[in-house]
Amino acid sequence: MSRRRTLSTKKKLALLVSAAAVAGGGAFAFAATSNASSVQNAATSTVCQGLATAFGNNETFIADQRANPDAQSEARIANREAVLAQIKVQQEASGCEVGESAQDSQPVTPPAASTPPAASAPAQSAPAEDTGADAGAATGDQVCNGSTVTLSGEAGAPAASSNQFPAGTLLKVTNLDNNKSTTVEVTATSGSCALLNNAAFELVREPGKFLIRNALIEKVG
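Since the model is a prediction, treat every value here as computed from it, not as a measurement.

*Asks:* Help me understand the state of the cysteines in this model?
*Replies:* Two cysteines, two sulfur atoms, one covalent bond between them: this is a disulfide. Here the structure, examined in full by the defined rule, presents two disulfides. A sulfur-sulfur separation of 2.1 Å characterises the disulfide bridge that pairs Cys 48 with Cys 96. On the S-S bond that ties Cys 48 to Cys 96, the torsion sits near -90 degrees, and the link is left-handed. Here the residue Cys 48 occupies a position in helix 1 (residues 9-67), and Cys 96 occupies one in the loop between helix 2 (73-93) and strand 1 (142-143), the gap between them amounting to 48 residues.

Shown next, in the form of structure tokens:
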């Protein structure tokens, strides 16, 4: 007569616990890998969006210069076209779509209505740097509300360009995500309320990012 070996209740419980631990470990490893991949994809997306915004801002600036040319427009356009070429190199190196373009999220506020000129005087277009309500903000006021901040791709000492503030205006830009700030002078016009050149952007950026979503911009002079 054969004897069948049976497992005790304690041994059965031990085997079940071991199996659950193995299964749980596999699930944890899968979740960790998935989370790492998600973080990497998000970082790449942020870089690409920042570069696309910089590309779009420069395209807007070139279009404005061609629509309203002056004696310096050809030189400005040539400079910005070189900037576009450099951004394409950065896009390719970062795994982004080369030539992808996006506009700054902050719409340009139209100027307040003014008294029309006399019939005998020819109509004049408003200067590019004085097209928004923020241009009349007092010192210390927050401006460019809702704007993201990116870089123009231009070299040189820290500076900014703007479509709302004239040259000589001082703007303080604070990255609220890392509390870094810099005060720069507006030296040129652009397609956005506040656009930092490479040197200025390096002072406030987070490593690996080409876009500041959470920014505080103040007029300080």
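Still more to cover.
*Asks:* In this structure, what is going on with the confidence of the model for the chain? I would like to understand it.
*Replies:* If pLDDT is low for a region, its predicted coordinates should not be looked at in detail. On average, residues of the chain carry a pLDDT of 74, and 63% of them reach 70 or more. Segment residues 105-131 is flagged for pLDDT under 50; beyond a separation of four residues in sequence, or across chains, it makes 26 contacts in the model.

*Asks:* Looking at this model, I keep getting lost on the nonpolar core. Mind explaining?
*Replies:* Proteins that are soluble and globular tend to have nonpolar side chains buried together. One finds Cys 144, Val 149, Phe 165, Leu 196 and Ile 217 to be the most contacted residues of the largest nonpolar core, which totals 31 residues. Where this core is concerned, the elements lending two or more residues are helix 1, helix 2, strand 3 (170-175), strand 4 (180-188), helix 3 (198-204) and strand 6 (215-219). Considering every element that reaches this core, the biggest residue donor is helix 1, with six residues.

*Asks:* Would you mind going over the pattern of salt bridges with me for this structure?
*Replies:* Two side chains carrying opposite charge are able to pair once their charged atoms lie near each other. Following the criterion strictly, the structure yields four salt bridges and no others. Arg 66 is the partner of Glu 81 in a salt bridge, and the nearest nitrogen-oxygen pair spans 2.8 Å. Residue Glu 81 is located in helix 2, and its partner Arg 66 is located in helix 1; the two are separated by 15 residues in the primary sequence. Under the relative-accessibility criterion, Glu 81 is labelled partly exposed at 39%.

How each quantity is defined
- Residues numbered from 1 in each chain as written.
- Predicted model: local features only at pLDDT ≥ 70, side-chain atom pairs only at ≥ 80, totals over all residues.
- Heavy atoms only, no water.
- Disulfide = S-S within 2.5 Å.
- Helix = DSSP H or I, 4+ residues; strand = E, 2+ residues; numbered from the N terminus.
- pLDDT = per-residue confidence, 0-100.
- Contact = heavy atoms within 4.5 Å.
- Core = buried A, V, L, I, M, F, W, Y, C linked by side-chain atoms within 4.5 Å.
- Buried < 20%, exposed > 50% of the residue type's maximum accessible area, 1.4 Å probe, protein only.
- Salt bridge = Lys/Arg side-chain N within 4 Å of Asp/Glu carboxyl O.

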